[in-house]
Amino acid sequence: MTGFRRFSIVVVLLLVAVSAMAQGTTGQLTGTVKNDGAVLPGVTVTATSPNLQGARVAITDVNGNYTMGALPPGEYTLRFEMEGLSAQTATARVGPGQTARADANLTVSALSEAITVTAVTSAVVESQQVQTSISAQLADQLPTTRTLLATANLAPGVSANGPGGNTVISGSYSYDNLWLVNGVAVNENLRGQPHNLFIEDAVQETTVMSGGGISAEFGRFTGGVVSAITKSGGNEFTGSLRDTVNNDSWTSKSEDVYLSNGSTGSAADPLDKVNSVYEGTLGGYILRDRLWFFGAGRDAKTSQNRSFARSSQPYSSTNESFRYEGKITGQLLKNHTLIGSYMDASIKATNNCQFGGFCLDETGLDPVIENPNSFWTAQYNGIITSNFLIEGNYANKKFGFEGFGGDTTDRILGTPIRDYNADSGEGGGFNAPQFNGTEPETRNSEQFSLKGTYYLGTRSLGSHSIVAGVDRWNEGRRLNNNQSASDFLVYLNGVAPTRDASGRVTSVTIREGDGIGYWPVLQSSLGSDSNTNSLFINDKWDFNDHLSFNLGARYDALDSVDSAGNKVADDSVISPRLGVTYDLQGNGRFRFNGSYSRYVARLADSIAGGSSIAGTPALYYYNYAGPDITGTSHQVLTQLFAWFDGLGGFEGIQDPDILTFIRVPGASQRLADGRIKSPVVDEFSFGFGTQIGTRGFARIDYMDRDWTNFYTVKQDRETGRVVVNQATGQQADLQIVSNSDLYERKYQAIMMQGSYRVGQRLNVGGNYTLSKLRGNVEGETAGSGPVSDTAFTYPEYQGYAQRAPVGYLLADQRHKARGWVSYDLPTPFGNFNFSLLERFDSGTPFSAIGTINTNTYTAHTNGLLNGYSYAVPQTTATYYFGERGAYRWDDVLATDFALNYDVPVGPVRLFAQAEVVNVLNSQSVIGGDASVLTARNANCLQSVGANAGQRCASFNPFTETPVEGIHWQKGSIFGKPTTLGTPANAAAGTSSFNLPRTYRFSFGVRF
């Protein structure tokens, strides 16, 4: 049977199998063997590694090429042998999802000893995709927290500029990256952030793929792929114990922040308490080269002083987390390996703030919450023949929320109050926690996979490494998304609440223009069920010494139902992954590459299922139109609900001046044609890489990305009205959730990276990214993750250009640089390592955005409406005063330092590490107030012109250009910091400052 025929049969078998993919757990070794420039078929190449059970053998093909796949990441020794020629050896590092190259040139020799091969190419240069590999040793030496997020941020094209400080890769949404641990996606279902399902000391290596033609094996993202591999035991017993200690008092105080009244406040004295994080690992063998084990654990209980919103008053919050991992690797039959693992990372916390971190006092805090979180995996790889491999995977991940939100349905005790007045900015909450803590929520996922790899060498068409497989991904979310325990929220849009010296809210004023939101869940959730079924094929084709191609494509089919059992997605898309590489000298030293790729996002469950009546709250928004009410929170709520009930309450209020907004999932909000599609991005990239001797590399890449298929909401005269209450005949304006290409999001970047090892002691490396992210849609929030844009709602009221102008998006960062130096100094008393990390992040943009009243241009809108009237007319709209992204927060330049020390003591090594983050304590304002006042704010007074001192004038956004000082003005603390730079705020992404000088220490033992 010919090679092509055998491969065809294998592909057919793969494509009819029902399974799914967990990628990135293994890597490849490839290379070419020659003799005086002529290729050498039939050379035996043997690879061994402490991370590989037994040895792997390959034979060079007719082109002198060899490839070994399904290799566990780690350091490898290769031996090249052929009768009559001298044997040679080489060493190479294989990373997860990477291809490493080691070439050899065998010569006739009488020498019996091996000659070391030097033709080893860095995997970063070998691949066309933009990737960075960070070993556990480097992450441990540098002054970083060793988390997936911190490690990924060392790579080019990566920033922490998403909502809440979430990670953005190559201009994408922060929810749309693929985070893998042991090949399993550990993304949280809603916001897409990685769960900490790992122990830092257990991580062996992390690879960050930022773009540039990522293999078709990987899907469900439009940003990047971050893949971490944990250790797997071995033929020697190894382990570690570590205690990492920190203390809030070891962090310098940030500069003063500005309060809503224009005064300044400083941080209270931090909680002086040492917090320990204990880690332990142990790996070894049960049977040498046959059965290995690895286990790890992590125990952390931290206490921190956090600050209430717009106040320097602290409150104490605790977080208890115990993580553990168990892993078994077995080769019970030769060339057939099974790996099973289980991880658990449950969390219990006290005094949690669910108002985006902005609680005004302790009444908004949730006293106790829990997050159960676990996953287990089973993986198989087998060598069927010398040129055919099979890999299969299964994974099951569980995550949930328990106790999140209020625990009483009483309207007075269980209704949160949110302060949205113009001078308060962040919208702090109090009186009761947000959400309903009486019902748990689950967010689970499951993966199956099967793929085959076939190596084919031909005389005329070069060598091929062909991967084909199937991939099934399933995720589901079951919850009743009550926004409060009482289903009510009260919104203050005018007068800020009064607080006493301790920060507690003592007096609240409700007046005309404030609001009541009623969020009932009209039908209990059955649980959503989202499936992505994929086929992929990828051919890494080495045509000759100079020219190689990557020919790949991925087919994704979406099949999803919402929480009521209705089908919400039934779509498919093909994603090409095409690339070409030209090797100038044919030896891997100078490589040019280019690629075109399409990446398809994972379907956002909150968008696809957001129109389901089951589990999704309806929203009825009422404008308060009674007399001013002032008193304590409970007093004003008692009077407010008395007014509400006096008008007939939920069933009785029909006045459109009071009931100003209605959204009923499944009734007033529906999916277009009952279906929705995933966003996609098209990417072009060009690059050049060079190997610098055997000790370093340098690479530069240009990337251009353009997104389409945006999530959007349409609400206009064409969508019309619907009846949302058959008993009363109550109507609402229909919203259609769909996809649109009328938005814009574009990313362009130049990424440079390199590293070099000087001698045996000095290691230098770093990267620089010059980028630009522009568009007119943000597409996500910190609280909700992916959201549908509303630029196409009520066009007669907000169809003006400054509603959604094109400009710099919030995640834009023009310059980002990371550079590090690590130096080893051995002494008779032990080894010292000095590591320096230099960080530069240019300032991110923000805009002058205000809310204007639509009744200021009623005549204009009535002219456009031509007699049509909305059921609930638009009362306010958003307006950009000036260019989008016209302002910038400060640049951040910081230096971090780490001193590492280890010394052998008998069979073990003792180690200690001292870290100083932001050594020079440079403080930059990276966020803060951006409030804008308009005629709808009583405290907006004209500062120029004949009417100076009078209330700001209204304007027509369709026909007039507003003037600062007449129609609008910046808030009194516009551009000023509002949130203290504490470690807790920095970790939550809510700090107005970069992290001030901070000290951390760790110590322990390794063996």
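Residues numbered from 1 in each chain as written. Predicted model: local features only at pLDDT ≥ 70, side-chain atom pairs only at ≥ 80, totals over all residues. Heavy atoms only, no water.

What follows deals with the overall build of the chain. A count of helices and strands for the chain gives 10 helices and 67 strands. Expected size for 1007 residues packed as a compact globule is a radius of gyration near 30 Å; at 30 Å, the chain falls within 12% of this value. Reported as C-alpha extents along the three principal axes, the dimensions of the chain are approximately 105 × 65 × 55 Å. Burial statistics for the chain: of 1007 residues in total, 59% are counted as buried. Of the roughly 37,700 Å² that the chain leaves accessible, carbon and sulfur atoms contribute 55%. Each charge class in the chain was averaged separately, 76 positive and 92 negative side chains, and the resulting centres sit 5 Å apart. (Helix = DSSP H or I, 4+ residues; strand = E, 2+ residues; numbered from the N terminus. Rg over C-alpha atoms; globule rule 2.2 N^0.38 Å. Buried < 20%, exposed > 50% of the residue type's maximum accessible area, 1.4 Å probe, protein only. Areas by Shrake-Rupley, 256 points an atom, 1.4 Å probe, with all protein chains shown as cover. Lys, Arg positive; Asp, Glu negative; His and termini not counted. Charge placed at Lys NZ, Arg CZ, Asp CG, Glu CD.)

We now examine the side chain of Arg818. Position of Arg818 relative to the elements: it lies in strand β57 (residues 815–827). Given the relative accessible area of 5%, Arg818 is considered buried. Side chain to side chain, Arg818 and Asp841 meet in a polar contact 3.2 Å long. Sequence-distant contacts of Arg818, that is, excluding residues within four places in its chain, are made with Asn153, Leu154, Gly765, Gly766, Asn767, Glu838, Arg839, Phe840 and Asp841. (Polar contact = N/O pair within 3.5 Å; in protein donor to acceptor, adjacent residues only side chain to side chain. Contact = heavy atoms within 4.5 Å.)

We now examine the packing of aromatic side chains. Inspection of every chain in the model, using the stated rule, returns 48 aromatic pairs. Residue placement shows Arg411 over the ring face of Phe488; its charged tip is 5.9 Å from the ring centre. Positioned above the aromatic ring of Phe911, the side-chain terminus of Arg1006 is 3.9 Å from the ring centre. (Phe/Tyr/Trp six-rings, centres within 6.5 Å; stacked < 30°, edge-to-face > 60°. Lys NZ or Arg CZ within 6 Å of the ring centre and 35° of its normal.)

Right, let's get into helix α6 (residues 633–646). Residue pairs spaced three or four apart in an α-helix point in one direction, given the helix's 3.6 residues per turn. For α6, built from 14 residues, the straight-helix expectation of 20 Å at 1.5 Å per residue is met to within 8% by its first-to-last C-alpha distance of 20 Å. For α6, the complete set of buried residues consists of Ser633, Val636, Leu637, Leu640, Phe641, Trp643 and Phe644. Across the axial projection of α6, the buried residues extend over an arc of 155°, all falling on one side. (Expected span 1.5 Å × (residues − 1). Arc of directions from axis to C-beta.)

Turning to the environment of Gly588, a few remarks are in order. Here Gly588 is to be found in the loop between β39 (567–583) and β40 (590–600). Considering only alpha carbons, one finds Gly588 and Ser486, 102 residues apart in sequence, at a separation of 66 Å.

Moving on: the confidence of the model for the chain. Where the model shows low pLDDT, its predicted coordinates should not be examined in detail. Mean pLDDT over the chain: 90, with 94% of residues reaching 70 or higher. Predicted confidence is poor over residues 1–22, with pLDDT under 50, and the contacts of this stretch with residues over four places away or in other chains come to 49 contacts. (pLDDT = per-residue confidence, 0-100.)

It is worth spelling out the nonpolar core at this point. Within the largest apolar cluster, 40 residues are counted, with the highest numbers of intra-cluster contacts made by Phe218, Val225 and Ile676. Broken down by secondary-structure element, the contributors of at least two residues to this core are β15 (178–181), β39, α5 (605–608), β46 (696–708), β47 (710–715) and β51 (745–758). Setting aside residues up to four positions removed in sequence, Ile676 forms contacts with Val568, Ala569, Leu603, Ile607, Ala608, Leu671, Tyr711, Val737, Ser738 and Asn739. Val490, Phe650, Ile662 and Leu734 belong to the second largest nonpolar core, which has 38 residues in total. (Core = buried A, V, L, I, M, F, W, Y, C linked by side-chain atoms within 4.5 Å.)

A separate point is the sheet that holds β47. The 4 strands are arranged β44-β50-β47-β55 in an open sheet whose pairing can be described as mixed. If you trace the sheet from one side to the other, it starts and ends with β44 (669–671) and β55 (789–793), each paired once. Across this sheet, the average inter-strand angle for adjacent strands is 35°, counted without regard to direction. With 3 bridges connecting them, β47 and β55 associate as parallel partners. Considered in β55, the bridge of Thr712 is made with Asp789. (Pairing = 2+ DSSP bridges. Axes fitted to C-alpha atoms, helices over the stretch in contact; angles between N-to-C directions.)

Taken together, the side chains of Phe322, Tyr324, Tyr342 and Trp376 make up a nonpolar region of the molecular surface, amounting to roughly 380 Å² of accessible area. Tracing the chain through its elements places Tyr324 in strand β24 (residues 314–333). On the basis of relative accessibility, which here comes to 32%, the residue Tyr324 falls in the partly exposed class. (Patch = residues over 30% accessible without salt bridge, like charges linked within 9 Å, V, L, I, M, F, W, Y side chains within 5 Å. Salt bridge = Lys/Arg side-chain N within 4 Å of Asp/Glu carboxyl O.)

Strand order across the open sheet formed by 3 strands is β34-β35-β42, with antiparallel pairing between neighbours. In this open sheet, the two edge strands, each paired with only one partner strand, are β34 (498–499) and β42 (629–631). Across 3 bridges, the pairing between strand β35 (residues 505–510) and β42 is antiparallel. Bridge pairing in β42 links Ile510 to Ile629.

One pass over the full model with this rule turns up 44 salt bridges. A salt bridge links Arg884 to Glu778; the shortest N-O distance between them is 3.9 Å. Within this pair, whereas Arg884 is found in the loop between β61 (876–880) and β62 (887–888), its partner Glu778 is found in the loop between β52 (762–775) and β53 (780–781), the two being separated by 106 residues in sequence. Taken individually, Arg884 and Glu778 each receive the classification buried, so the pair is uniform in this respect. A salt bridge links Glu964 to Lys970, with the nearest nitrogen and oxygen atoms 2.9 Å apart. Take Glu964: its relative accessible area is 40%, and that puts it in the partly exposed class. Overall, Lys970 belongs to the partly exposed group, its relative accessible area being 25%. The network of salt bridges with shared partners includes Arg101, Asp103, Glu126, Lys540, Asp542, Asp583 and Arg591.

A positive phi angle, near 50°, is found at Asp36, a position not held by glycine. Positionally, Asp36 belongs in the loop between β1 (27–35) and β2 (38–39). Backbone geometry places Asn921, a non-glycine residue, at a positive phi of 55°. Considering the arrangement of structural elements, one finds Asn921 in the loop between β64 (908–917) and β65 (932–933).

Here the structure, examined in full by the defined rule, presents 2 disulfides. Two residues, Cys353 and Cys359, share a disulfide whose sulfurs are 2.1 Å apart. Of note, the bridge from Cys353 to Cys359 carries an S-S torsion of about 105° and is right-handed in sense. Taken as a pair, Cys353 and Cys359 share a single burial class, namely buried. Each disulfide pairs two cysteine sulfurs, and for Cys940 the partner residue is Cys952, the sulfurs being separated by 2.0 Å. Every disulfide takes its handedness from the sign of the S-S torsion; for Cys940 and Cys952 that torsion is -80°, giving left-handed. (Disulfide = S-S within 2.5 Å.)

Another aspect to go through is the side chain of Ser317. Mapped onto the elements of the fold, Ser317 is located in strand β24. Within the structure, the side chain of Ser317 is placed 3.0 Å from the backbone oxygen of Thr350, a separation counted as a polar contact. Among all residues touching Ser317, those that are not within four sequence positions of it are Thr302, Ser303, Gln304, Arg306, Thr350 and Asn351.

Once that is clear, we can look at the environment of Phe488. If you trace the backbone, Phe488 turns up in strand β33 (residues 488–492). Considering only alpha carbons, one finds Phe488 and Asn593, 105 residues apart in sequence, at a separation of 57 Å.

Quick look at the environment of Ile849 now. Among the structural elements, Ile849 can be located in strand β60 (residues 849–853). Separated by 82 residues in the primary sequence, Ile849 and Ser931 have C-alpha atoms spaced 7.1 Å apart. Residues in contact with Ile849, not counting those within four places in the same chain, are Thr878, Tyr879, Tyr880, Ala930 and Val932.

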